[in-house]
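Chain by chain, the residues:
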Amino acid sequence: MQHKMPSPTSRRNGSRSGSVSGICGTSVNGRFDLGVAPPRRSLDYSSRRRASSISSAFAIGAPSQDNAKRLNLSLLTIAFRFLLAIDLWLSKRLSVCSCEDSLLGSIRPLVKLVEVSGHVVPWLMSAVYGLVNSDSANELETMLNLLMALLLDMALVRIVKAIVRRRPPSQSRSDMPCTVDCYSFPSAHATRAAMCACLTLAHLVSTAPLRALVLAWAGLVGLSRVLLGQSNVTDVLFGLGMGYCHYSLVERLWLCPERLQDILMTFLQDAMAAV
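Quick notes on the rules
Residues numbered from 1 in each chain as written. Predicted model: local features only at pLDDT ≥ 70, side-chain atom pairs only at ≥ 80, totals over all residues. Heavy atoms only, no water. Helix = DSSP H or I, 4+ residues; strand = E, 2+ residues; numbered from the N terminus. Expected span 1.5 Å × (residues − 1). Disulfide = S-S within 2.5 Å. Buried < 20%, exposed > 50% of the residue type's maximum accessible area, 1.4 Å probe, protein only. Salt bridge = Lys/Arg side-chain N within 4 Å of Asp/Glu carboxyl O.

Asker: Which residues make up helix 5 (residues 137-164), and what values do they have?
Answerer: For helix 5, spanning 28 residues, the distance from its first C-alpha to its last is 40 Å, which sits close to the expected 40 Å at 1.5 Å a residue. Immediately downstream of helix 5, the backbone of Arg-165 shows phi near 55°, a positive value.

Asker: Describe the state of the cysteines, and please don't skip the residues or the numbers.
Answerer: Counting across every chain of the model gives zero disulfides. In this model Cys-196 remains outside any disulfide bridge; the closest cysteine sulfur is found in Cys-198, 9.4 Å from its own. Relative accessible area serves as the criterion here: at 18%, Cys-198 is assigned to the buried category.

Asker: An account of the pattern of salt bridges is requested, with residue identities and associated values reported.
Answerer: For the structure on display, the rule yields five salt bridges. The salt bridge partner of Arg-225 is Glu-115, with a shortest N-O separation of 2.3 Å. Remark: Glu-115 occurs in helix 3 (residues 108-116) and Arg-225 occurs in helix 7 (residues 208-227); sequence separation between them is 110 residues. For Arg-225, a relative accessible area of 12% translates into the label buried. For the salt bridge of Arg-166 with Asp-235, the shortest nitrogen-to-oxygen distance reads 2.9 Å. Separated by 69 residues along the polypeptide, Arg-166 in the loop between helix 5 and helix 6 (188-203) and Asp-235 in helix 8 (residues 233-252) bring together distant segments of the chain. The two residues Arg-166 and Asp-235 agree in class, both being buried. Through salt bridges with shared partners, a single network forms among Asp-87, Arg-166 and Asp-235.

Structure representation (structure tokens):
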């Protein structure tokens, strides 16, 4: 057989095509573009990986914030329950006059007498009696504002008790006459004692021994509630602070006879106009 030898022209063409076939290029009008194509797949993969890492970082950051909030709430809850347990324990240890068989049950009648001195009934009766039998304008003004303060104290304490709804201590005994409260926070005796003591010091008592006696009475009224097991320690402490706030409010709303007369005249004129 005779083998056909390739011509020199075909050899040159074949060598050119073989050398160009290994290069990524295009031919335009017989000319080859030797530019290398960019690695699109690698760029797409890196961008997708970066986007997924950012989204995963946001996804991890949101639960971490929620966990931090839950941790703070749990710590606050634990602290609140710890303080509440201390309050209950201390109140139970201090209730040494809760019954006749208690540690200091023999002085229970005396402690009860101190507690009754902070009850609302004697104070309302005293305010009405002073209002009716006052001899001067100053006494009339003081008794009028004292009566208004007692009514304001009763209303505000009832509102707070209805909101908080804290039950009295387990060792309490409901043997107080004229008592309709079924909640203990805040202590109404403590609020009333603090408010009346501040009003007395501001308008009725000027000598140092009597001022000390009034302050001691207010503290003993609050202490009697704890000794008798009728209130917790926090009930009394909050009540004393609330009583001082009531006193400040009454001082701001202080009614003098002229102002009271103007209020009554305005009320009567409005009532007559409505009729």
